[in-house]
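The lines below spell out each chain.
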Amino acid sequence: MHPDLQTQLKLIKKGVAEIISEPELVRKLEKSIKEKKPLRIKAGFDPSAPDLHLGHTVLLRKLKHFQDLGHEIYFLIGDFTGRIGDPTGKNELRKQLSKEEVEQNAKTYQKQVFKILDKDKTKIVFNSHWFEPMTSADILRLTAHSTVAQLLARADFKERYENNKDISLLEFMYPLLQGYDSVYLESDIELGGTDQKFNLLFGRDIQKDYGQDLQVVMMMPILEGTDGVQKMSKSLGNYIPLESGKDDQERAYNIFAPIMSVSDELMFRYYELLTDVSLEEIELLKTDVWSGKLHPKKCKQNLARMISAQYYGDEHADECEKLFEAKHGKSADSTVVFDQAAEEKTIHRASLDNGKIWICKLITLAGGATSNSNARRLIEQGGVKLDSEKIEKSDLEIVIEKDKYNLQIGKKKYVRIVFCD
């Protein structure tokens, strides 16, 4: 029914930020294998917004790993707690959603998650099922399992309290209710993001009070958005939607195109968290790109194609490649000639045919770096400017659109790029 322990651990641990605790995880897996009984894996989703993006799929893909290993998946929609709103990472009072808003968002969630999870093997549960029948006395008894001191130890609550910002008693209830979800489902493992650590551990505390075996907490990293800095978020405009567009081809392209815009460093993080490419294969890709053997654009194109195909199939992914090339053009072979005439500052004059040139290649040819990987490091260190604008991305291809460009490498080396007639 289940693969051996080491096979399971290799897949389960891929991309995971933290496990509390690994010995407990091993013990549960060993027992599961011995008794041929699947573990109960729980992940809760707060339906506060209707759209899922690639950031959400990090957790969903980990659920799929457990599902593929034969374990029981509980996709918990927090329709009851969603009306409160998770205060994690918030520095102000949360707006409450209506029951109708939450229910509509939950319907959209169900449609989208089955692009990843097996519908026939996934148990969709709503926590209103056990919370709505509770009486006031039941809720009050539940509050006995936490203290104000415990809740104020949480970073976001502590910051708001110290800055005299309102914290509602309703928000205090959120981690308590999320913890009780684990008690009701008797979960063996709960998955969540690293920003959910307090709530996830709270579940263990409450399970202990109820005499249950403590759930293992597995935290997935927070996926950075296309800016490479902040958490992927619709409100920040750095997200890649799972479903956006009038048809599947447009939806696939709206995944493909934004992936092509991310930095090289972020590209490899996406490989790790959003694909099934092994860590060993990812390291080989890194080596090929950093050495110049593989152009980063090609590597990124493979990633974009892989992810868009994952959700919309090979046919749409193939079309995405064609559309992207039609819009952005293919790199033309460029002839680069350097005139190393000495002036007050060393200036190299370069003539290019109409086309493009990879920035790392240009820096190397200009003598500004000993190799493409060395040029890449110069860019990462902020030492390269094009027409006085700092170059942020090492996969940049310069498109010839005017007569001259001035490329600055470090403080003293300059390259003037000039069109050939």
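About the thresholds
Residues numbered from 1 in each chain as written. Predicted model: local features only at pLDDT ≥ 70, side-chain atom pairs only at ≥ 80, totals over all residues. Heavy atoms only, no water. Helix = DSSP H or I, 4+ residues; strand = E, 2+ residues; numbered from the N terminus. Buried < 20%, exposed > 50% of the residue type's maximum accessible area, 1.4 Å probe, protein only. Contact = heavy atoms within 4.5 Å. Areas by Shrake-Rupley, 256 points an atom, 1.4 Å probe, with all protein chains shown as cover. Pairing = 2+ DSSP bridges. Axes fitted to C-alpha atoms, helices over the stretch in contact; angles between N-to-C directions. Polar contact = N/O pair within 3.5 Å; in protein donor to acceptor, adjacent residues only side chain to side chain. Phe/Tyr/Trp six-rings, centres within 6.5 Å; stacked < 30°, edge-to-face > 60°. Salt bridge = Lys/Arg side-chain N within 4 Å of Asp/Glu carboxyl O.

Comments concerning the overall build of the protein chain
Broken down by element type, the protein chain carries 16 helices and 14 strands. Per-residue burial for the protein chain yields a buried fraction of 47% across its 421 residues. For the protein chain, restricting intrachain contacts to residue pairs at least 6 apart in sequence, the fraction spanning at least 24 positions comes to 69%. When the accessible area of the protein chain is evaluated, it comes to approximately 20700 Å², of which 49% is carbon and sulfur surface.

Quick word on the sheet that holds strand E5 (residues 189-193)
The strand order E1-E6-E5-E2-E3-E4 describes an open sheet built from 6 strands, whose pairing is mixed. This sheet does not close on itself; its edge strands, each paired only once, are strand E1 (18-20) and strand E4 (122-126). Sheet twist, expressed as the average angle between the axes of neighbouring strands with direction ignored, equals 25°. Relative to strand E2 (residues 40-45), helix H3 (residues 54-68) is tilted by about 165°, and along the sheet it contacts E2, strand E3 (72-77), E4, E5 and strand E6 (216-220).

Digging into the side chain of Arg 61
You can see Arg 61 is positioned in helix H3. In this structure the side chain of Arg 61 is engaged in a polar contact, spanning 2.7 Å, whose partner is the side chain of Asp 276. Once you skip the residues sitting within four places of it in the chain, Arg 61 turns out to touch Ile 116, Leu 273, Leu 274, Thr 275, Asp 276, Gln 310 and Tyr 311.

Some details on the packing of aromatic side chains
Overall, the coordinates contain 10 aromatic pairs when judged by the stated rule. Centre to centre, the rings of Phe 268 and Trp 290 are 5.6 Å apart; their planes meet at 70°, and the pair counts as edge-to-face. On the criterion of sequence distance, the pair formed by Phe 268 in helix H12 (residues 264-274) and Trp 290 in helix H13 (residues 279-290) is long-range, its members being 22 residues apart. Accessibility expressed as a relative area gives 4% for Phe 268, which makes it buried. Overall, Trp 290 belongs to the partly exposed group, its relative accessible area being 26%.

Thoughts on the environment of Lys 14
By secondary structure assignment, the location of Lys 14 is in the loop between helix H1 (5-13) and E1. In this structure the C-alpha to C-alpha distance between Lys 14 and His 65, which are 51 residues apart in sequence, comes to 9.6 Å. In contact with Lys 14, not counting residues within four places along its chain, are Lys 62, Met 220, Tyr 271, Glu 272, Thr 275, Asp 276, Val 277 and Leu 279. At 2.8 Å, the side chain of Lys 14 forms a polar contact with the backbone oxygen of Thr 275.

Here's the deal with the pattern of salt bridges
Scanning the entire structure with this criterion turns up 24 salt bridges. For Arg 40, the salt bridge goes to Glu 72, with nearest N and O atoms at 3.7 Å. Of this pair, Arg 40 sits in strand E2 while Glu 72 sits in strand E3; the two residues are 32 residues apart in sequence, bridging distant segments of the chain. Since its relative accessible area comes to 24%, Glu 72 is described here as partly exposed. Here Lys 300 ties to Asp 395 by a salt bridge, and the two come within 2.1 Å at their closest N and O atoms. Taken together, the residues Lys 300 in helix H14 (residues 296-328) and Asp 395 in the loop between strand E11 (389-390) and strand E12 (397-399) connect sequence positions 95 residues apart.

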